[in-house]
Amino acid sequence: MLVRGKGTAVLDGVISPGEWDGAARLDFDAALPPADGGGTTPASLLVMSDAVNLYVAVLVARPSYGGATNPSLELDRDADGEIADGDDVIGAAVGLYQPVDFVDAYRWKCPGDPSGSATCGLADTALLEGFPEPGTVDGAAAAGSDGTEVVMELSHPLTSGDARDMALDRDDVVAFRFDLRLFALDPICNFGPTCYADRSVVFPPEEPGLVEIGDGPAEIAIDVKPGSAENPVQPGASGTLPVALLSNEAFDARSADAPTIRLGGAGIARLPDGSFQAALQDVDADGDLDVVAHFTLADLALASDATDIVLTGRTLAGVPFRGRDAIRLVP
């Protein structure tokens, strides 16, 4: 699973309006401790980056932090889906009686364990015999709660200069694992298997998450069914759906690389001669030429309750872009 988000967060433990709108969002069910009755509660992982930092937010539908709330994101250096020496770990811890603490750590084998076992998770600053030289703490965390939802926000430099940290460049794709440990709401219950629960790895081990670093795709304007106000869409029907890529001062639709364009998972429809079913047209009458592309309705992959549709692609220069427009599904 590839996630790519664009944006800059202010670490204050609050998901402010618009602040995380550009982030990739992965929803999952967090496990609750047996002491709280077990079961699960809705949770979300948000990931995005700008030119300087990787940002992570964790939202958990829960009245408080409990004895502790501990999220961690482990960056997989060799992208093999396995825990290994040198993996970069960022995380946080916060509890009812514990202020939020940012964790900057890395994986290494414990003394006496087989090479590559990576059974120890060490703080970057740890000075221990048999382990690498210590590094520095690079990053920050904040936490907040409104009584119904717990929020934790983390940031980590893309390039800190610390040998214990991965150095990430624009457009790097790095595998990651995500883990969340929740302790019981009663802070007295902090020991024993009934007092905490883990939701380990949002993704199956054989398919780790992949986060793409960078400023994220450029946002462009698109118009589904130009001339229509409601944009009715009937997935699976015969025919095609026209969508206009609109040119403006920041984006020239003529620069779009047709083979890379996808709408709801579908590529641009082809004509009998194999060419793309697309044409230049000034759709919005602003004097700039736009591109109107057609997509085969039967190829669209949309959720049954979809209210919008996303178009992605790259320019001929390789710059990614993304556009979104509202739709109304019809039977």
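Note: the structure precedes this text.
Procedures and definitions
Residues numbered from 1 in each chain as written. Predicted model: local features only at pLDDT ≥ 70, side-chain atom pairs only at ≥ 80, totals over all residues. Heavy atoms only, no water. Helix = DSSP H or I, 4+ residues; strand = E, 2+ residues; numbered from the N terminus. Areas by Shrake-Rupley, 256 points an atom, 1.4 Å probe, with all protein chains shown as cover. Buried < 20%, exposed > 50% of the residue type's maximum accessible area, 1.4 Å probe, protein only. Polar contact = N/O pair within 3.5 Å; in protein donor to acceptor, adjacent residues only side chain to side chain. Pairing = 2+ DSSP bridges. Axes fitted to C-alpha atoms, helices over the stretch in contact; angles between N-to-C directions. Phe/Tyr/Trp six-rings, centres within 6.5 Å; stacked < 30°, edge-to-face > 60°. Lys NZ or Arg CZ within 6 Å of the ring centre and 35° of its normal. Disulfide = S-S within 2.5 Å.

> For this particular structure, what's the right way to read the overall build of the protein chain?
Tallying secondary structure elements over the protein chain gives zero helices and 23 strands in all. For the protein chain, the spread of C-alpha atoms along the three principal axes comes to 65 × 40 × 35 Å. Carbon and sulfur atoms make up 53% of the accessible area of the protein chain, which amounts to about 15,400 Å² in all.

> Would you mind showing me how to read the side chain of Asp165 here?
Position of Asp165 among the secondary structure elements: in the loop between β10 (150-157) and β11 (173-183). The class of Asp165 is buried, set by a relative accessible area of 5%. Of the polar contacts made by the side chain of Asp165, one reaches the side chain of Ser160; its length is 2.7 Å.

> Can you walk me through the sheet that holds strand β9 (residues 140-145) in this structure?
What holds strands together in a sheet is hydrogen bonding between their backbones, with the strands either parallel or antiparallel. If you trace the five strands from one edge of the open sheet to the other, you get β2-β3-β4-β10-β9, paired in antiparallel fashion. At either end of the open sheet lies a strand with only one pairing partner, and these are β2 (24-31) and β9. The mean angle between the axes of side-by-side strands here comes to 15°, regardless of whether they run parallel or antiparallel. Pairing of β2 with strand β3 (residues 40-49) involves eight bridges; the strand directions are antiparallel. Bridge assignment links Asp29 to a residue of β3, and that residue is Pro42.

> Where do I start with the pairing of strand β22 (residues 320-326) in this structure?
When a strand is regular, its side chains alternate between the sheet's two faces. Of all seven residues in β22, five are buried; the element is thus mostly enclosed. Pairing analysis gives three bridges linking strand β14 (residues 218-224) to β22, with the strands arranged parallel. Counterpart to Glu219 in the pairing with β22 is Arg322. As paired elements, strand β21 (residues 308-314) and β22 share seven bridges and run antiparallel to each other. Bridge assignment links Leu311 to a residue of β22, and that residue is Gly323.

> Help me out: how do you make sense of the packing of aromatic side chains in this one?
Aromatic ring pairs are described here by two measures, namely the spacing of the ring centres and the angle between the planes. If you walk through the whole model with that rule in mind, you get four aromatic pairs. Plain terms: the ring middles of Tyr106 and Trp108 are 6.2 Å apart, the flat faces sit at 70° to each other, and that makes the pair edge-to-face. Between Phe251 and Phe321 the ring centres are 5.3 Å apart and the planes differ by 55°, which places this aromatic pair in the tilted class. Note that Phe251 is positioned in the loop between β16 (240-246) and β17 (262-263) and Phe321 in strand β22, a separation of 70 residues in sequence. Phe321 shares its class with Phe251; the two are buried. Residue placement shows Arg164 over the ring face of Tyr106; its charged tip is 5.0 Å from the ring centre.

> Before we go on, may I ask you to explain the pairing of β3 in this structure?
The element β3 is largely enclosed, with a buried count of eight among its 10 residues. Pairing of β3 with strand β4 (residues 53-60), which is carried by seven bridges, proceeds in the antiparallel orientation. Bridge pairing in β4 links Leu46 to Ala57. Joining the antiparallel neighbours β3 and β4 is a turn of three residues.

> Help me understand the state of the cysteines, please; the structure alone is not making it clear to me.
Simply put, disulfide is the name for a covalent bond between the sulfur atoms of two cysteines. In total, this model carries two disulfides according to the counting rule given. For Cys110, the disulfide goes to Cys120, at an S-S distance of 1.8 Å. Taking the sign of the torsion about the S-S bond as the criterion, the disulfide between Cys110 and Cys120, at about 115°, is right-handed. Here the residue Cys110 occupies a position in the loop between β7 (98-108) and β8 (120-123), and Cys120 occupies one in strand β8, the gap between them amounting to 10 residues. Note that Cys189 is cross-linked by a disulfide to Cys195, the S-S spacing being 1.9 Å. On the S-S bond that ties Cys189 to Cys195, the torsion sits near -90°, and the link is left-handed. The two residues Cys189 and Cys195 agree in class, both being buried. Here the bonded cysteines of the protein chain are numbered in sequence order, and their pairing is 1-2, 3-4.

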